Amino acid sequence: MKLSLHIGTPKSGTTTIQRFLKHNRALLQENGVYVPQSVGEGNHRRLAAMFLNDDTVDYFFRRLNLQDRAERIAAKHQWQSDLSTEIEAQRCSHVVMSSEHLQSRLHEPEAIRALSDYLQPRFSDIRIILYIRDPLDTAVSLYSTAVKSGSTRAEIQLPPPDHWANIVDHKATIQRWQANLAPAELRLRLFQKDDFVKGDLLADFISAAGLPDLDYGRPKRANESLDQLGLGLLRRLNKDIPMVLPNGKVNPHRGNIKTVFETHFNGGAPFLPSAEAIATYETTFAESNDWVRQTFFPERGHLFTPKPRNIAAEEKLASDDLDRIAEFIADLWCGKREKVAKRRPRNKKKLRLK
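A brief look at the structure comes next. What you see is a predicted model; the values in this text were computed from it and never measured.

Cut-offs applied
Residues numbered from 1 in each chain as written. Predicted model: local features only at pLDDT ≥ 70, side-chain atom pairs only at ≥ 80, totals over all residues. Heavy atoms only, no water. Buried < 20%, exposed > 50% of the residue type's maximum accessible area, 1.4 Å probe, protein only. Helix = DSSP H or I, 4+ residues; strand = E, 2+ residues; numbered from the N terminus. Pairing = 2+ DSSP bridges. Salt bridge = Lys/Arg side-chain N within 4 Å of Asp/Glu carboxyl O. Phe/Tyr/Trp six-rings, centres within 6.5 Å; stacked < 30°, edge-to-face > 60°. Lys NZ or Arg CZ within 6 Å of the ring centre and 35° of its normal. Axes fitted to C-alpha atoms, helices over the stretch in contact; angles between N-to-C directions. Parallel < 35°, antiparallel > 145°, perpendicular 65-115°, else oblique. Left-handed = near helix turned anticlockwise from the far one by under 90°. Contact = heavy atoms within 4.5 Å. Nonpolar A, V, L, I, M, F, W, Y, C, P; charged D, E, K, R; others polar. 1 Å grid on protein atoms, 1.4 Å probe; cavity = no way out; pocket = protein on both sides within 12 Å on 5 of 7 lines; lining within 4 Å. Points joined across faces, edges and corners; volume = space filled by probe spheres on them.

Time to look at the pairing of strand β3 (residues 94-98). Burial runs high along β3: five of the five residues are buried. Both faces of β3 are covered, namely the face carrying His 94, Val 96 and Ser 98 and the face carrying Val 95 and Met 97. With five bridges joining them, strand β1 (residues 2-6) and β3 adopt parallel strand pairing. Counted as the bridge partner of Leu 5 is Met 97 from β3. In the sheet, strand β2 (residues 33-34) pairs with β3 via two bridges, with the strands oriented parallel. Of the residues in β3, the one forming a bridge with Tyr 34 is Val 95.

Before going further, it helps to examine the pattern of salt bridges. Counting across every chain of the model gives 14 salt bridges. A salt bridge links Arg 113 to Glu 110, with the nearest nitrogen and oxygen atoms 3.8 Å apart. Of this pair, Arg 113 and Glu 110 both sit in helix α7 (residues 109-119), three residues apart, roughly one helical turn. Assessed through its relative accessible area of 37%, Arg 113 is described here as partly exposed. With a shortest N-O distance of 2.8 Å, Asp 290 and Arg 293 are connected by a salt bridge. Of the two residues, Asp 290 and Arg 293 both sit in helix α15 (residues 286-296), three residues apart, roughly one turn of that helix. Look at Arg 293 and you get buried, because its relative accessible area is 15%. Here the residues in one salt-bridge network are Arg 45, Asp 58 and Arg 105, joined through shared partners.

Turning our attention to the packing of aromatic side chains. The final tally for this structure, using the stated rule, is eleven aromatic pairs. Measuring from centroid to centroid gives 6.2 Å for Phe 61 and Trp 79, while their planes differ by 5°, and the two rings are stacked. Here the residue Phe 61 occupies a position in helix α4 (residues 59-63), and Trp 79 occupies one in helix α5 (residues 69-88), the gap between them amounting to 18 residues. Ring geometry for Phe 191 against Phe 196: centres 5.5 Å apart, planes inclined by 65°, an arrangement best described as edge-to-face. Comparing Phe 191 with Phe 196, the two get one shared label, buried. A network of ring pairs unites the aromatic residues Phe 60, Phe 61 and Trp 79 as a single cluster. If you follow Arg 122 out to its NZ or CZ, it ends over the ring of Tyr 118, 4.0 Å from the centre.

Let us now look at the packing of α7 against helix α10 (residues 170-180). Where α7 meets α10, the axes come as close as 9 Å, and the angle between the chain directions of the two elements is 45°. It follows from the interaxial angle that α7 and α10 lie oblique. Like other packed secondary-structure pairs, α7 and α10 cross with a definite hand, here right-handed. Between α7 and α10, the contacting residues are Pro 109, Ile 112, Arg 113, Leu 115 and Ser 116 on the first element and Arg 176, Trp 177 and Asn 180 on the second. Of the residues in the contact of α7 with α10, the class split is four nonpolar, two polar and two charged.

Within β1, four of the five residues are buried, which leaves it mostly tucked inside the rest of the structure. Taken together, the five bridges between β1 and strand β4 (residues 125-132) define a ladder with parallel strand orientation. Across the sheet, the residue bridging to Ser 4 is Arg 127, located in β4.

All right, on to the layout of surface pockets then. By volume, the largest pocket amounts to about 1600 Å³. For the lining of the largest pocket, the secondary-structure elements that each account for two or more residues are α1 (14-23), α6 (101-105), α8 (135-148) and α11 (201-209). Ranked by residues supplied to the lining of the largest pocket, first place goes to α8 with eight residues. When its residues are assigned to classes, the lining of the largest pocket shows 21 nonpolar, 18 polar and eleven charged.

Moving on to unusual backbone geometry. Excluding glycine, residues mostly have negative phi values, and the peptide bonds linking residues are mostly trans. Between Gly 8 and the following residue, Thr 9, the backbone shows a cis peptide bond with an omega angle of 5°. As for its position among the elements, Thr 9 is in the loop between β1 and α1. In this structure, Lys 11 is a non-glycine residue whose phi angle is positive, near 65°. Tracing the backbone shows Lys 11 in the loop between β1 and α1. Although it is not a glycine, Asn 65 sits at a positive phi angle of roughly 55°. Relative to the assigned elements, Asn 65 resides in the loop between α4 and α5. According to the relative accessible area criterion, Asn 65 is exposed, its value standing at 57%.

None of the figures reported here should be taken as evidence of function without further support.
In structure tokens, the structure reads:
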């Protein structure tokens, strides 16, 4: 049996890929490809959790109330047994699993070797699919996620490079997985539209995973980063309409503001950090990126497309103007929600803000 194991990295289209696998699960199974469910409906998060150090208690285990060590170990053994039973019950010749937490959480060699010891007896052919992204683009995407989650941090204050080194030090990731999951084949992909098969992430993943040519359903792209204007406005709105109120409760006025911004502010000019931030990231990860280039893409002059430095001439709204626009939107937003709340007792239909 063959296994295609997609391990990330985070912020490289993983949610879109996982929605694709979930959406097309029945179609794939009809054509000899099985997507397990016991390790997760979309993101196969349990697969990564199974092989964490037994003393590790992360958000995933806390959410499942598995903070007791003995209970946590018992749960992990049960998950392994459930996955084995599920796979053995299938007649498919190809299994596909996906979780970016494999790359971001299994950063100890012992954890990867434990995963390898589990997989090797069950699969005769293992391919590891790894998408890598420009470290600076990853930081910008993480910043966008933070703003959508309520952050008011100023745009120029991106996470320091070493904060996400485990995710964006691609040389370290590749060497760690190659050394501890042999003899698996590594299929390394660049997360850049110009490098995708047909310029499309899902077409690229279908090719990398060796999936059959079928009439697949295509879910909407997920976790889109906000553009420059959207980030500027939402960051300011987060001050007037915070995610959490001073009393610790969720702000009812927040509503679906995240969805609204994702819908209307994802196609404009992209957010670009300062030239200093660009230089810092490029310098910090230059050796790692160049090792990847020389080892896997020697024909390329650069591993990732260089970032423009001169953005001073780019047309931007003044900060004061953005403040005033954000205040205006906040007044409209909260006023409309108050009107909806007043109407609700007389109208049983739920009104959804668009």
